[in-house]
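A look at the structure
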Amino acid sequence: MPQDPSHLSFKQRATYFSSNLALRGILGMAGLVPYRWRIPLIGKLVSALGPVVGFDRRVRENLALTCPELDEPEVARLCREVGDNAGRMITELYAGGPFITRATAAPITGPGLEALEAARAAGRPVILVTGHFGNYDAARAGLIARGFSMGALYRRMANPYFNAHYVRAMERVGTPMFEQGKRGMVEMVRHLKKGGIIAIVADLHVHGGELIDFFGKPAVTSTVPAELALKYGAALIPVYAVRQENGLDFEIILNPEIAPSDPVTMTKTICDDLESLVRRHMGQWFWIHRRWKPYVPLPKKPQPDSTIEKN
């Protein structure tokens, strides 16, 4: 994904620039509406646009693959809820202060909270793993407000114009931010070594990951969070922000720390933990993701030809 628009063709630059202007315009106009009305308004707008922009098709494909037992009324309901939650998430991120105030007021529950507090007291690094569920930035904001300073790993947007202000919006919730890639990984590891806390969204298709079941179907999943936890002795704790009935507030839940074993076993536990929560709140997970893409192994590095004579 290009960091500099100059690396794109003229057509790509024009497309990305115009789409960024359109989105910024929508968010700017939405900002004129009071927060308590703005969030549901954009949620309903994105939900209504789902059939037009292809969101509904992706949701239906994923549900047909993983939950074929669902009837049509339930699938249609989930299409609306998934789009609504997606619209609320992006609007909340750009809302800044009002969103952070709501997240700060969210109750924090679950056995993982004790593990997090114990790790902080001992100066032990922590890796908080979450998914595209509810609004994960609410969990980050709520924990930061309670003194759990943390960094976060993020994936760069394909649109370089949109990515710039997207990162600025995330930084309003908390810093440091580590961009996925070699440089970001080095900075994140340095943060961990100092006993820091990092947050990783762990439910994306990652090239070179392992095939691990999610909703009963193999999904390519990164084992990096578990590998880092084992290498640096970090506590690996699942965390989620569950959207409440009013659509504006959250409950932050920290589930039990994942016991150290091996990267694949620990990653399976991460996936099972997220799946368990999603099944209780199906409309809050980002079913728009292409989570079950085909597995493509990384190409093997060329090995030196052992038959060549060495002088």
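None of the values given here were measured: they were computed from a predicted structure. Residue indices follow the written sequence of each chain, beginning from 1 at its first position. The predicted nature of this model means local features are confined to residues of pLDDT at least 70 and side-chain atom pairs, given and counted, to a pLDDT of 80 or more, with totals for whole chains, interfaces and linings taken over all residues. Heavy atoms throughout the structure, all of them, feed into the side-chain values; hydrogens and water do not.

Okay, the overall build of the chain next. Strands here mean DSSP runs of E at least two residues long; helices mean DSSP runs of H or I at least four residues long; both are numbered from the N terminus. Each helix and strand in the chain was counted, giving 11 helices and nine strands. Here the C-alpha atoms of the chain give a radius of gyration of 20 Å, agreeing with the 19 Å that 2.2 N^0.38 yields for 311 residues. Taking the principal axes of the C-alpha coordinates as reference, the chain spans close to 75 × 50 × 45 Å. Residue burial in the chain is summarised as follows: out of 311 residues, 48% are buried. It only takes one pair of heavy atoms within 4.5 Å for two residues to be counted as in contact. The contacts of the chain with a sequence gap of at least 6 include a subset with a gap of at least 24, amounting to 77%. What the globule rule says is 2.2 Å times the number of residues to the power 0.38, and the radius of gyration is computed from C-alpha atoms. Type-normalised accessible area, obtained with a 1.4 Å probe on protein chains alone, sets the label of each residue: buried when under 20%, exposed when over 50%, and partly exposed for intermediate values.

Moving on to the side chain of Glu-92. Looking at the secondary structure, you find Glu-92 in helix α4 (residues 72-95). Pairs of N or O atoms are called polar contacts if they sit within 3.5 Å, as long as, within protein, a hydrogen donor faces a hydrogen acceptor (for residues adjacent in sequence, only side-chain-to-side-chain pairs). At 2.7 Å, the side chain of Glu-92 and the side chain of Arg-243 are in polar contact. Apart from residues no more than four positions distant in its own chain, Glu-92 is found in contact with Tyr-35, Ile-39, Phe-99, Asn-135, Arg-243, Gly-247, Leu-248 and Phe-250.

A pair of strands is treated as paired once DSSP finds two or more bridges between them. The mixed open sheet is built from seven strands, whose spatial order is β1-β9-β8-β2-β5-β3-β4. Of all the strands in the sheet, just β1 (108-109) and β4 (177-179) have a single pairing partner and so form its edges. Both β1 and strand β9 (residues 250-254) contribute to a ladder of two bridges, which runs parallel. Bridge pairing in β9 places Ile-108 opposite Ile-252.

Turning our attention to a nonpolar patch on the surface. Only residues whose relative accessible area exceeds 30% and that form no salt bridge enter a patch; like-charged residues are grouped when within 9 Å of one another, and nonpolar side chains (Val, Leu, Ile, Met, Phe, Trp, Tyr) when within 5 Å. Computed with the Shrake-Rupley method and a 1.4 Å probe, the accessible areas treat only the protein chains shown as cover for residues. Within this document, salt bridges are pairs made up of a side-chain nitrogen of Lys or Arg and a carboxyl oxygen of Asp or Glu, the two lying within 4 Å of each other. On the surface, Ile-26, Met-29, Leu-45, Leu-49, Val-52 and Val-53 cluster together to form a nonpolar patch covering roughly 560 Å² of accessible area. Secondary-structure elements contributing two or more residues to the nonpolar patch are α1 (10-30) and α2 (35-53). Ranked by the residues each element gives to the nonpolar patch, the list is headed by α2, at four residues. Take Met-29: it is sitting in helix α1.

A few words now on a positive patch on the surface. The charged-residue count follows a simple rule in which Lys and Arg add positive charge and Asp and Glu add negative charge, with His and chain termini not counted at all. Where a charge lies is defined by one atom per residue type, namely NZ (Lys), CZ (Arg), CG (Asp) and CD (Glu). Together, Arg-190, Lys-193, Lys-194 and Lys-231 make up a region of like positive charge exposed at the surface. Secondary-structure assignment places Lys-193 in helix α9 (residues 182-193). A residue is classified by how much of its surface remains accessible, and Lys-193, at 60% relative accessible area, is exposed.

The subject of this paragraph is the pairing of strand β5 (residues 197-201). Here is the key point about a regular strand: its side chains alternate between the two faces of the sheet. With four of five residues buried, β5 is to be regarded as a mostly interior element. Bridge count between strand β3 (residues 150-154) and β5: three bridges; the pairing is parallel. Each bridged residue has a counterpart across the sheet, and for Met-150 the counterpart in β5 is Ile-197.

With that settled, consider unusual backbone geometry. Phi angles above zero are rare outside glycine, and Phe-215 is one such case at about 55°. Secondary-structure assignment places Phe-215 in the loop between β6 (210-214) and β7 (217-221).

With that out of the way, let us pick up helix α3 (residues 55-66). Taking 1.5 Å per residue, 12 residues should reach 16 Å; α3 reaches 17 Å between its end C-alpha atoms and fits that length. Those residues of α3 lying buried are Asp-56, Val-59, Asn-62, Leu-63 and Thr-66. One side of α3 carries all its buried residues, which in axial view fall inside an arc of 135°. Residues of α3 that are buried sit in contact with α2, α4 and β7. Helix span, expected: 1.5 Å multiplied by one less than the number of residues in the helix. The directions from the helix axis to the C-beta atoms are what the arc is built from.

Our next topic: the pattern of salt bridges. By the definition in use, this model includes 12 salt bridges. As a salt-bridge pair, Asp-84 and Arg-88 come within 2.6 Å of each other at their nearest N and O atoms. Of this pair, Asp-84 and Arg-88 both sit in helix α4, four residues apart, which is roughly one turn of that helix. For Asp-84, a relative accessible area of 17% translates into the label buried.

Helix-helix packing: each pair is described by the crossing angle between the helix axes and the interaxial distance. Fitting a line to C-alpha atoms yields each axis, with helices limited to the stretch in contact; the angle taken between N-to-C directions then spans 0 to 180 degrees. Interhelical geometry of helix α10 (residues 224-232) versus helix α11 (residues 263-280) gives an angle of 125° and a closest axis separation of 8 Å. Classified by the interaxial angle, the pair formed by α10 and α11 is oblique. α10 and α11 meet at a crossing whose hand is right-handed. In contact with Ala-226, Glu-227, Ala-229 and Leu-230 of α10, α11 contributes Pro-263, Met-266 and Thr-267. Any residue that is not Ala, Val, Leu, Ile, Met, Phe, Trp, Tyr, Cys, Pro, Asp, Glu, Lys or Arg is counted as polar, Gly included; the first ten are nonpolar and the last four charged. Residues of the contact of α10 with α11, tallied by class, amount to five nonpolar, one polar and one charged. Relative orientations are named as follows: roughly parallel for angles under 35 degrees, roughly antiparallel for angles over 145 degrees, roughly perpendicular for angles from 65 to 115 degrees, and oblique for any other angle. Whether a crossing is left-handed or right-handed is set by the direction in which the near helix is turned from the far one by less than a right angle, anticlockwise for left-handed and clockwise for right-handed.

Below, the discussion takes up the packing of aromatic side chains. Under the pairing criterion, centres of Phe, Tyr and Trp rings, with the six-membered ring standing for Trp, must be within 6.5 Å; the plane angle then separates stacked pairs below 30 degrees from edge-to-face pairs above 60, leaving the rest tilted. One pass over the structure, following the stated rule, counts nine aromatic pairs. Aromatic pair Phe-214 and Trp-285: ring centres 5.3 Å apart, planes at 65°, arrangement edge-to-face. Of this pair, Phe-214 sits in strand β6 while Trp-285 sits in the segment after α11, and the two are 71 residues apart along the sequence. Residues Phe-214 and Trp-285 agree in their burial class; the two are buried.

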